[in-house]
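Structural description and commentary
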Amino acid sequence: MNMNRTRTRTSALSVAMTTILLGGAVLTGCSSQKPESPPAGSAPGGDAKQEAPKSVKPVKLDIIEPGSGLPAPDQDQIKQELDKALGIETNLTVYASNDDYKNQLNVRMASGNFPDLFSVDRAQLKQYVEQGLLLDLTPYKDKLKPTIDFIGADTVKKGTLNGKHYAVAKAPQIPYNTFWIRKDWLDKVGLKPPTTIDELLEAAVAFTEKDPDGNGKKDTFGLTGGKLGAFYPVFGAFGVGGPGNFYEKDGKVMNAFYDPAFKDALAFIKKMVDTGAVDPELLSNNSTPQFQQKGIKGQAGIMWIDWPNVTKDEFVAQIKAVNPQAEWIQLPALKGPGGQFEGAYDIGTSAGMYAIPKGLEKNPEKLNKVIELLNYVSTQDTGSALVQFGIKGKHYNLENGKVVPTELMGKEVNYSWLYQFTGRPEVEYLYVKFAKQAPFIEFASKQPRISALNGFVDNPTGFNSADAQRYIDEELAKFVYGKRLLTEYDAFIKTLETSMNYKSYLDAGMKQLAELGFGKK
C-alpha cells in the first residue's frame, strides 16, 4: 500500500438493483443474501405471494476514515459486493494522514456536513459527545445485535461514555510482541534460552563481552528495543503493568506508579543498563526499524519486537543475507519476583471505532442501512468473510471448512481492511494471511500478560497528557541511567501529581474504571 497517497472517493457509479418483493420484505438480488435472514430494519417475512418487481434506488452512504490503498470505484470489488448485497451506494473517503483526517472531520462536524459513518478515536468521541453530535446507540442495541455479538460485550465498553454507547469499536486484536533472541549466539557463548530475568541479564552480558559473532571485535551488545519499551517483559516479571498503566491487582485497580514493585523494576533495569549490555542508543530508538535493523545486522542479540518484523519473508531474507546461520527464536514470558508476564497489553484500546451522527436519526431509511452495513460486515459467513478475504470462489475457497487464498487475493483485494468497520476474528484472519508465520502468531498471542486498562480512561479537563508524558519519560530515563537516585522517587511522584496535574488524571481514571466494573466496588 502507498501510505503517502490519499485518494478521496467521490460518488460512485449508481448500482442498478433488481429486487424481489417476498411477502413485503425487500431483498437484493444477490446470492449471498438469504431470504430467511433479512437485513436489520427490513420488514419481517410474510406469505410467499410475490408482487411485480420494481426498481429501488440505492441508499447513498457517505463514510470517511484514515487509510490508504483504496482503488477506483469501478475497480473496487468489495464496494460492489456490499452495494449489491445491501442496496446501497457506498462513498468511502480515506485519508493517508491521520492529521489530515482529523482536520477534515473537524471541519465537517463543525459545518454540519456530517458523514453517515466515520472513524473516531477516544478523544474525538469525548469531544463530539460533549457537543451533542453523536447518535446514542443504546436504544438500537437490539437492531445491532449481530454487531454486538461479533465484537463482544467487553468491546462495547470501549465505545461507551457516561454509561451510553456512542461508537462501535472493532473486535479485539491480539498482542504481537515477545522477546526474540539469537539462538546461535546462545550456543556460541554456552547458554540456554533464558527463562528468568536474571538469566536474561546473563545472556545480555555474554552477548556484549564474549564475541558471539566470532569476528574478534567487541562490537555487539545484548538488548535493544524502542526506548524503555524494551523492558516491558521485565516490568511484567515484577508484576507491574508498565509505566503509567492502570490494571487490576489483588482485586483492586492499580496505577503502576503507585505499585511498590515499580521501583524494584526500575532498580533491575538500572542494573542491566549499568552492565553496558543495553543498546547505547536505546533512548533514541523512536521507531521499530531503528532497533530492528540493529538485530538484523548482527549488532544486538535480544529484541522486544513484533513477529512480523522478524518473520516476514523480506526480513528473513535480510537476516540471512548478513549471516545465513543466524537463528532468532521467541522467548516465553520470563519469571521474576512478581510472576511471569510478557509485559502488559491494553485491553481498552481498539484498532478503530466508528460513530454515527445524531442527525441521522431523522433519516430512518439511511440509519437502517448503516446498521445493516455494520451487521453485515459482522456476519462471518457473508459480509465478514467478504471484507476479510474477498469474493468466495475468486479470491478464496473453502476446503474442509478452512479458507484457502487464491493468487488473486493479494493482488485484487489487499485493501479490504478498509471495509472492516467492526474488525475481524484476528487469529483466524492472520492464519490465512500469514500461514507461514502461524506458529509465531500463536506463540505471541498465548503469552500471559497483564491487562492494562488505559484505553478506557479519558483525560480530564486541565490535564495535558503530552506534557505529563514528556516529564515521565525524562525522569524515568534519569532513574535507570543513574542521573537521579531512586531515593527521589517520591519527589518525582509529587511533582507529577502537582505540576503535571497527574492527580486529576489518576482520580478520573479510578472513577471511570469503577463505573465500568473494574476492581472491587
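Residues numbered from 1 in each chain as written. Predicted model: local features only at pLDDT ≥ 70, side-chain atom pairs only at ≥ 80, totals over all residues. Heavy atoms only, no water.

1. Thoughts on the overall build of the protein chain
The line we're drawing: For helices the rule is a DSSP run of H or I covering at least 4 residues; for strands it is a run of E covering at least 2, with both sets numbered from the N terminus onward. In this scheme, a residue with accessible area under 20% of its type's maximum is buried, one over 50% is exposed, and one in between is partly exposed, where area comes from a 1.4 Å probe on protein chains only. Throughout, the Shrake-Rupley method with a 1.4 Å probe supplies accessible areas, and for residues the shown protein chains are the sole cover considered.
Along the protein chain, the regular secondary structure elements total 20 helices and 21 strands. In the protein chain, buried positions account for 50% of the 521 residues. Counting only carbon and sulfur atoms, one obtains 52% of the accessible surface of the protein chain, whose full area is about 23,900 Å².

2. Topic: the packing of aromatic side chains
What counts here: Two aromatic rings from Phe, Tyr or Trp, using only the six-membered ring of Trp, form a pair when their centres are within 6.5 Å; if the ring planes differ by under 30 degrees the pair is stacked, by over 60 it is edge-to-face, and anything between is tilted.
Enumeration over the complete set of coordinates arrives at 26 aromatic pairs. Here the aromatic rings of Phe-238 and Phe-268 are separated by 6.1 Å at their centres, their planes lie at 55 degrees, and the arrangement is tilted. With a gap of 30 residues between them, Phe-238 in the loop between helix H8 (232–237) and strand E11 (246–249) and Phe-268 in helix H9 (residues 260–274) connect regions that are remote in the sequence. Summarising the burial analysis for this pair, Phe-238 and Phe-268 share the class buried. Geometrically, the ring pair formed by Phe-463 and Tyr-502 is edge-to-face, given 6.1 Å between the ring centres and 70 degrees between the ring planes. With Phe-463 in the loop between strand E21 (450–452) and helix H18 (465–480) and Tyr-502 in helix H20 (residues 502–515), the pair connects residues that are 39 residues apart, well separated along the chain. A single burial state applies to Phe-463 and to Tyr-502, both of which are buried.

3. Details of helix H10 (residues 288–296)
Selection rule: For this analysis, residues touch if any pair of their heavy atoms sits within 4.5 Å.
Along H10, the positions that sit buried rather than exposed are Phe-291, Gln-292, Lys-294, Gly-295 and Ile-296. On the buried face of H10, the contacting elements are strand E9 (177–182), strand E10 (221–224), strand E13 (300–306), helix H11 (308–311), helix H12 (313–322) and strand E14 (328–331). With its phi angle positive at about 85 degrees, Gly-298 sits one or two positions after the end of H10.

4. Concerning the environment of Val-59
Tracing the backbone shows Val-59 in strand E3 (residues 59–66). When its relative accessible area of 8% is taken as the criterion, Val-59 is described as buried. C-alpha separation for the pair Val-59 and Ile-88, spaced 29 residues apart in sequence, amounts to 4.5 Å. Here Val-59 is in contact with Gly-87, Ile-88, Glu-89, Glu-365, Lys-366 and Lys-369, once residues within four sequence places are set aside.

5. Quick notes on the packing of helix H1 (residues 77–86) against helix H13 (residues 364–376)
Put simply, the test is: Angles here are taken between N-to-C directions and fall from 0 to 180 degrees, while the axes themselves are lines fitted to C-alpha atoms, restricted in helices to the stretch in contact. What sets the label is the angle itself: under 35 degrees gives roughly parallel, over 145 gives roughly antiparallel, 65 to 115 gives roughly perpendicular, and the rest give oblique. Should the near helix be turned anticlockwise from the far one by less than a right angle, the crossing is left-handed, and should it be turned clockwise, the crossing is right-handed. Gly is put with the polar residues, along with every residue not named as nonpolar or charged; the nonpolar set is Ala, Val, Leu, Ile, Met, Phe, Trp, Tyr, Cys and Pro, and the charged set is Asp, Glu, Lys and Arg.
It is at 11 Å that the axes of H1 and H13 come closest, and there the two elements cross at 120 degrees. The angle between the axes of H1 and H13 places the two elements in the oblique class. Along this stretch, H1 crosses H13, giving a crossing that reads as right-handed. Between H1 and H13, the contacting residues are Leu-82, Ala-85 and Leu-86 on the first element and Lys-369, Glu-372, Leu-373 and Tyr-376 on the second. Looking at side-chain class alone, the contact of H1 with H13 contains five nonpolar, no polar and two charged residues.

6. Examining the layout of surface pockets
Definition in use: Buriedness of a pocket was judged along seven lines, with at least five required to meet protein on both sides within 12 Å; pockets are open sets of points on a 1 Å grid over the protein atoms alone, cavities are sets where a 1.4 Å probe fits but cannot get out, and lining residues have an atom within 4 Å of a point. Grid points are joined across faces, edges and corners, and a volume is the space filled by probe spheres set on the points.
When its volume is computed, the second largest pocket comes out at roughly 980 Å³. As for the second largest pocket, its lining consists of 34 residues, and the residues nearest its centre are Pro-243, Asn-454, Ser-465, Gln-469 and Tyr-505. Counting only elements with at least two residues in the lining of the second largest pocket, the list comes to helix H3 (122–130), strand E17 (344–346), H18 and H20. The greatest single-element share of the lining of the second largest pocket, amounting to seven residues, is contributed by H18. Residue classes in the lining of the second largest pocket are distributed as 17 nonpolar, 10 polar and seven charged.

7. Focus on the confidence of the model for the protein chain
Keep this limit in mind: A score from 0 to 100, pLDDT tells how confident the predictor is in each residue.
Counting all residues, the mean pLDDT for the protein chain is 90, and 89% of those residues have values of 70 or more. Confidence drops under a pLDDT of 50 for residues 1–55, and excluding neighbours within four residues, the segment shows 97 contacts in the predicted structure.

8. Considerations on helix H14 (residues 380–389)
For H14, the tally of buried residues reaches eight of 10 residues, placing the bulk of the element in the interior. When H14 is considered as a whole, its buried residues turn out to be Thr-382, Gly-383, Ser-384, Ala-385, Leu-386, Val-387, Gln-388 and Phe-389. Just downstream of H14, Gly-390 is the residue with a positive phi angle, here 100 degrees.

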